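Each chain, letter by letter, is given below.
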Amino acid sequence: MPYDPLRIFRKLARNNRLANFRLHQACLQLSQEAFIAPRVSFFPTLRATLNHIYTVDRFYIDALQGGTLGLAAFAEEEPFATMAELHSAQTELDEVLIAFVDGLDEGGLVATVNIHRGARIQQDRCDDVLSHLFQHQTHHRGQAHAMLSGTAIKPPQLDEFIVGDDAKARKEEMDGLGWTEDDLMFPAHRPA
């Protein structure tokens, strides 16, 4: 099978969806009090951390799609008060990201993305912006994972979504999303 430079981005978009799904299933078990309780991390609560992931995703996904939302994405620091509301919005955004990446071709990977940052427009390659976004998501999910250890809910494993050998460990989430292993291991190019 020939090398497909888009495959890794398609897998990382799906990894993002799966990791958020698993993390959110754990966080949905928390009481509202536990969700907003002060904790030690970069952001002071699980709610703040997970809302930050959402707002940054929204900022970059809008830019990737050619939008001009820019810093307005951060107008409300914590747009979602409850985990249920946040879960619904993040799920929708995760699906938008998968569809965006699935619609890319090799030319799209090297296309310039204009990121509106108030007084300036940052310009970077699409593949670099995607890499940055996936790194950002992973970084803050790790913080949420650590904060969960201070609750009654066991932090879920978040790194079983890339290699084929982890299929058994992700079966429940794959079933929950209606995905097959082929959907994850061989994500097909679906032109926009």
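1. Comments concerning the packing of helix α3 (residues 46-64) against helix α4 (residues 83-102)
Packed helix pairs are characterised by how far apart their axes lie and by the angle those axes make with each other.
For step 1, the next point in the chain: Across the interface, α3 lies against α4 with an axial gap of 10 Å and an inter-helix angle of 30°. The angle between the axes of α3 and α4 places the two elements in the roughly parallel class. The handedness of the crossing between α3 and α4 is left-handed. Note on element contacts: α4 touches α3 through M83, L86, A89, Q90, L93, D94, V96, L97 and F100, opposite L50, N51, I53, Y54, D57, R58, I61 and L64.

2. With respect to the nonpolar core
For step 1, the next point in the chain: In this structure, L50, L64, L97, L130 and L148 are the most contacted members of the largest nonpolar core, which totals 52 residues.
For step 2, the next point in the chain: Of all elements in the fold, only α1 (7-27), α2 (32-36), α3, α4, β1 (112-117), α6 (126-148), α7 (167-177) and α8 (181-185) reach the threshold of two or more residues within this core.
For step 3, the next point in the chain: The element contributing the most residues to this core is α3, with 10 residues.
For step 4, the next point in the chain: In this structure L64 touches F100, V113, C126, V129, L130 and L133, once residues within four positions along its chain are discounted.

3. A look at the environment of H136
For step 1, the next point in the chain: Residue placement: H136 occurs in helix α6.
For step 2, the next point in the chain: Overall, H136 belongs to the buried group, its relative accessible area being 13%.
For step 3, the next point in the chain: Along the backbone, H136 and G66 are 70 residues apart, and their C-alpha atoms lie at a distance of 20 Å.
For step 4, the next point in the chain: Apart from residues no more than four positions distant in its own chain, H136 is found in contact with H52 and V56.

4. What to know about α3
For step 1, the next point in the chain: If you check α3, its first and last C-alpha atoms are 27 Å apart, about what 19 residues at 1.5 Å a residue would give, namely 27 Å.
For step 2, the next point in the chain: For α3, the tally of buried residues reaches 16 of 19 residues, placing the bulk of the element in the interior.
For step 3, the next point in the chain: Downstream of α3 by a residue or two, G66 has a phi angle that is positive, lying close to 90°.

5. Things to note about the side chain of R141
For step 1, the next point in the chain: Tracing the chain through its elements places R141 in helix α6.
For step 2, the next point in the chain: Of the side chains with opposite charge, D57 comes closest to the buried, unpaired R141, at an N-O distance of 6.3 Å.
For step 3, the next point in the chain: What R141 contacts, discounting residues up to four positions off in sequence, is N15, N16, A19, N20, L23, I53 and L158.

6. A short note on the packing of aromatic side chains
For step 1, the next point in the chain: Within this structure, the stated rule accounts for 4 aromatic pairs.
For step 2, the next point in the chain: Geometrically, the ring pair formed by Y54 and F80 is edge-to-face, given 4.9 Å between the ring centres and 85° between the ring planes. Pair noted here: Y54 is in helix α3 and F80 is in the loop between α3 and α4, with a separation of 26 residues, a long-range link.
For step 3, the next point in the chain: With relative accessibility at 12%, the residue Y54 sits in the buried group.

7. Quick word on the pattern of salt bridges
A side chain with one charge can pair with a side chain of the opposite charge if their charged atoms come near.
For step 1, the next point in the chain: All told, the structure shown has 9 salt bridges when counted by the stated rule.
For step 2, the next point in the chain: Residues D4 and R10 are paired through a salt bridge, measuring 2.8 Å at the closest nitrogen-oxygen approach.
For step 3, the next point in the chain: Residue classification places D4 among the partly exposed residues on the basis of a relative accessible area of 27%.
For step 4, the next point in the chain: Close ionic contact of R125 with D127 constitutes a salt bridge, the shortest N to O distance being 2.5 Å.

Definitions and cut-offs
- Residues numbered from 1 in each chain as written.
- Predicted model: local features only at pLDDT ≥ 70, side-chain atom pairs only at ≥ 80, totals over all residues.
- Heavy atoms only, no water.
- Axes fitted to C-alpha atoms, helices over the stretch in contact; angles between N-to-C directions.
- Helix = DSSP H or I, 4+ residues; strand = E, 2+ residues; numbered from the N terminus.
- Parallel < 35°, antiparallel > 145°, perpendicular 65-115°, else oblique.
- Left-handed = near helix turned anticlockwise from the far one by under 90°.
- Contact = heavy atoms within 4.5 Å.
- Core = buried A, V, L, I, M, F, W, Y, C linked by side-chain atoms within 4.5 Å.
- Buried < 20%, exposed > 50% of the residue type's maximum accessible area, 1.4 Å probe, protein only.
- Expected span 1.5 Å × (residues − 1).
- Lys, Arg positive; Asp, Glu negative; His and termini not counted.
- Salt bridge = Lys/Arg side-chain N within 4 Å of Asp/Glu carboxyl O.
- Phe/Tyr/Trp six-rings, centres within 6.5 Å; stacked < 30°, edge-to-face > 60°.

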